[in-house]
Amino acid sequence: MSENIIRFTRGIPPPESFPTNELAECSAAILANDEKNVLQYGNAGGYPPLRSLLAKNAGVKESRIAIGQGSLQFSDTLSRIFIKSGDLVYFEAPSYDRVINIFERSGAVLKGIPLTQAGLDIEDLSFRLMHGERPVLFYIIPDFQNPSGTVLSLEKRIILTELAEKYGFWIVEDNPYRKLRYRGDEIPSLFELNPDRVIHMSSFSKLISPGLRVGYLILPETLASKFLNFSEDTYISASYLTQGIIYEFIQKGFFERNLALLKSLYEPKLDIMLDALDHEMTGFGYWNKPDGGFFIGLTLETNLEMDRLILRSQQAGVFLSDGRGFFCEPTQKCFIRLPFCALSSEEIRMGVHRLGNVVRELLQAY
Ligand SMILES: Cc1ncc(COP(=O)(O)O)c(C=O)c1O
């Protein structure tokens, strides 16, 4: 086993990205300014000043916003409220493994719409719907997707929202990486294209710190009160204290400054990862070249088995997630998620180099 293990396993931010001093200042400020509210129980809609700021930014009524304990918990609440055993739910294939697990637990039937080299296979989606499949919802990560890094094109966003309208399903747009665009132009979100069909989810985990556990949801008007009542019956309110800290963080102008710092920290890592993949993986598979986010997804077009690849990589000092976990149906694909933000340039280069050696060695042995 190599001495320094390189972990391509978790998509977490690096400690040096945390704005610790600013958060200390914001914690002191909110406790000084509004301790009666932030230390008390609240309601499931969230800390009112932050809620109203988010509503204003999105151009919606406050009653449509829910602020909670990170965005992952919203997927769980949505699955509990809207899914009965046997209901059909679409995912991209691959998609975020934790949300797949949540909907599987709810008894839903999960179907994967392929993410190919050309992005979401919108023809497969249309075909399924035309032939009678009726999903309750489509969970999708349109910007810098976890795990593949893919961005859904504007054309496909438009078609998807039209299909949702025509066939009457909800789109759950999970979008924690949207603001982490290092270059290129923003594409309208699915929510912006159809605010009545799309449940928009976002989070401060990757924009400030995951330890604060603050995420938010913009709900269609027709779903908001059901969602908020259920949430209140479950946990009363998420922490107003951390929401208050984030409110201060935005009010003091730290948010935009921090976002610029994050971009300058992550963009060079993305470039190094893309360069390393060009050197090591050309001819073995494909990956997309995102302009932001945390991940690149590598699909090996070889007949390597995932189990052997994981084991041999581990022996070579590279830890990988089992790519099959990102698919909601069984797959033969050899898919590798490569998170790059929490690794140093050296680790990225070395990790991809080791992986390249493992792939070459395994292919020779076949
Ligand atoms: C697509 C996606 N959704 C949700 C989450 C979880 O976010 P939170 O920390 O807000 O629960 C993650 C975290 O990696 C993610 O990649």
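Before reading further, recall that the structure is shown in the block above.
The paragraphs below set out a description of the structure included in this document. (Residues numbered from 1 in each chain as written. Predicted model: local features only at pLDDT ≥ 70, side-chain atom pairs only at ≥ 80, totals over all residues. Heavy atoms only, no water.)

**Section: the site of the ligand**
Next, step 1: Neighbouring the ligand are 14 residues, the closest being Ser 71, Asp 174, Tyr 177, Ser 203 and Ser 205.
Next, step 2: Ser 71 has a polar backbone atom sitting 2.6 Å from an oxygen atom of the ligand.
Next, step 3: Within the side chain of Tyr 177, a nitrogen or oxygen atom sits 2.5 Å from an oxygen atom of the ligand.
Next, step 4: Relative to its free-state accessible area of 400 Å², the ligand is covered by the protein chains to the extent of 92%.
Next, step 5: Here the residues of the shell around the ligand are counted per class, giving 6 nonpolar, 5 polar and 3 charged. (Near = heavy atom within 4 Å. Polar contact = N/O pair within 3.5 Å; in protein donor to acceptor, adjacent residues only side chain to side chain. Areas by Shrake-Rupley, 256 points an atom, 1.4 Å probe, with all protein chains shown as cover. Nonpolar A, V, L, I, M, F, W, Y, C, P; charged D, E, K, R; others polar.)

**Remarks on the nonpolar core**
Next, step 1: Counting 88 residues, the largest nonpolar core has Leu 160, Leu 300 and Leu 309 as its most contacted members.
Next, step 2: Among the elements that make up this core, the one with the highest residue count is helix H10 (residues 254-281) (12 residues).
Next, step 3: In contact with Leu 309, not counting residues within four places along its chain, are Leu 300, Leu 304, Leu 320, Cys 334, Ile 336, Val 358, Val 359 and Leu 362.
Next, step 4: Counting residues in each nonpolar core, the second largest holds 30 residues, with Ile 102, Leu 137, Ala 224 and Phe 227 among its members. (Core = buried A, V, L, I, M, F, W, Y, C linked by side-chain atoms within 4.5 Å. Buried < 20%, exposed > 50% of the residue type's maximum accessible area, 1.4 Å probe, protein only. Helix = DSSP H or I, 4+ residues; strand = E, 2+ residues; numbered from the N terminus. Contact = heavy atoms within 4.5 Å.)

**A word on the packing of aromatic side chains**
Here the distance between the centres and the angle between the planes together describe a pair of aromatic rings.
Next, step 1: Applying the stated rule across the entire model yields 16 aromatic pairs.
Next, step 2: Note on Tyr 182 and Tyr 266: the rings are 6.5 Å apart at their centroids and 65° apart in plane angle, and the pair reads as edge-to-face. Placement of Tyr 182 in the loop between strand E7 (170-174) and helix H7 (190-193) and of Tyr 266 in helix H10 is noted, with a sequence separation of 84 residues between them. Both residues of the pair, Tyr 182 and Tyr 266, count as buried.
Next, step 3: Consider the rings of Tyr 266 and Phe 294, whose centres lie 5.4 Å apart with planes at 70°: the pair is edge-to-face. Highlighted residues: Tyr 266 in helix H10 and Phe 294 in the loop between strand E10 (285-287) and strand E11 (295-300), separated in sequence by 28 residues.
Next, step 4: Among the residues examined, Tyr 266 registers a relative accessible area of 0% and is labelled buried. (Phe/Tyr/Trp six-rings, centres within 6.5 Å; stacked < 30°, edge-to-face > 60°.)

**Quick look at the sheet that holds strand E13 (residues 334-339)**
Next, step 1: The 3 strands are arranged E10-E11-E13 in an open sheet whose pairing can be described as antiparallel. Strands at the two margins of the open sheet, each flanked by one partner only, are E10 and E13. Put simply, the sheet's adjacent strands are angled 20° from each other on average, direction ignored.
Next, step 2: By the bridge criterion, 6 bridges tie E11 to E13 in an arrangement that is antiparallel. Across the sheet, the residue bridging to Leu 300 is Cys 334, located in E13.
Next, step 3: Seen against the sheet, H10 touches E10, E11 and E13 and runs at an angle of roughly 10° to E11. (Pairing = 2+ DSSP bridges. Axes fitted to C-alpha atoms, helices over the stretch in contact; angles between N-to-C directions.)

**Here's the deal with the side chain of Ser 79**
Next, step 1: Of note, Ser 79 is situated in helix H3 (residues 72-82).
Next, step 2: Setting aside its immediate chain neighbours within four residues, Ser 79 contacts Ile 102, Phe 103 and Ser 106.

**As for empty space enclosed by the protein**
Next, step 1: Scanning all chains against the criterion turns up 1 cavity of 30 Å³ or more.
Next, step 2: Within this model, the largest cavity holds a volume of roughly 40 Å³.
Next, step 3: What lines the largest cavity is simply Pro 19, Glu 22, Phe 249, Phe 254, Arg 257, Asn 258 and Leu 261.
Next, step 4: When residues in the lining of the largest cavity are grouped by element, the largest group, 4 residues, is from H10.
Next, step 5: Here the lining of the largest cavity is built from residues that sort into 4 nonpolar, 1 polar and 2 charged. (1 Å grid on protein atoms, 1.4 Å probe; cavity = no way out; pocket = protein on both sides within 12 Å on 5 of 7 lines; lining within 4 Å. Points joined across faces, edges and corners; volume = space filled by probe spheres on them.)

**Notes on the sheet that holds strand E6 (residues 137-140)**
Next, step 1: Spatially, the 8 strands line up as an open sheet ordered E2-E9-E8-E7-E6-E3-E4-E5, and their pairing is mixed. Of all strands in the sheet, those bounded by a partner on one side alone are strand E2 (65-68) and strand E5 (119-120).
Next, step 2: Pairing analysis gives 3 bridges linking strand E3 (residues 88-93) to E6, with the strands arranged parallel. If you follow Val 89 over to E6, its bridge partner there is Leu 137.
Next, step 3: Contacts from H3 reach E2, E6, E7, strand E8 (198-203) and strand E9 (215-218), with the element oriented near 150° to E8.

**Thoughts on the environment of Asp 87**
Next, step 1: Among the secondary structure elements, Asp 87 is positioned in the loop between H3 and E3.
Next, step 2: Each residue touching Asp 87, except ones within four places of it in the same chain, is listed here: Phe 82, Ala 108, Val 109 and Val 136.
Next, step 3: At 2.8 Å, the side chain of Asp 87 and the backbone nitrogen of Lys 84 are in polar contact.

**Regarding unusual backbone geometry**
Next, step 1: Backbone torsion omega between Ala 93 and Pro 94 reads 15°, so that peptide bond is classified as cis.
Next, step 2: The topology assignment puts Pro 94 in the loop between E3 and helix H4 (97-105).
Next, step 3: Cis geometry marks the peptide bond from Asn 146 to Pro 147; its omega dihedral reads 20°.
Next, step 4: The residue Pro 147 is located in the loop between E6 and helix H6 (154-167) in this model.
Next, step 5: You will see that Arg 213, though not glycine, has its phi angle at about 55°, which is positive.

These figures come from the coordinates and say nothing about function on their own.
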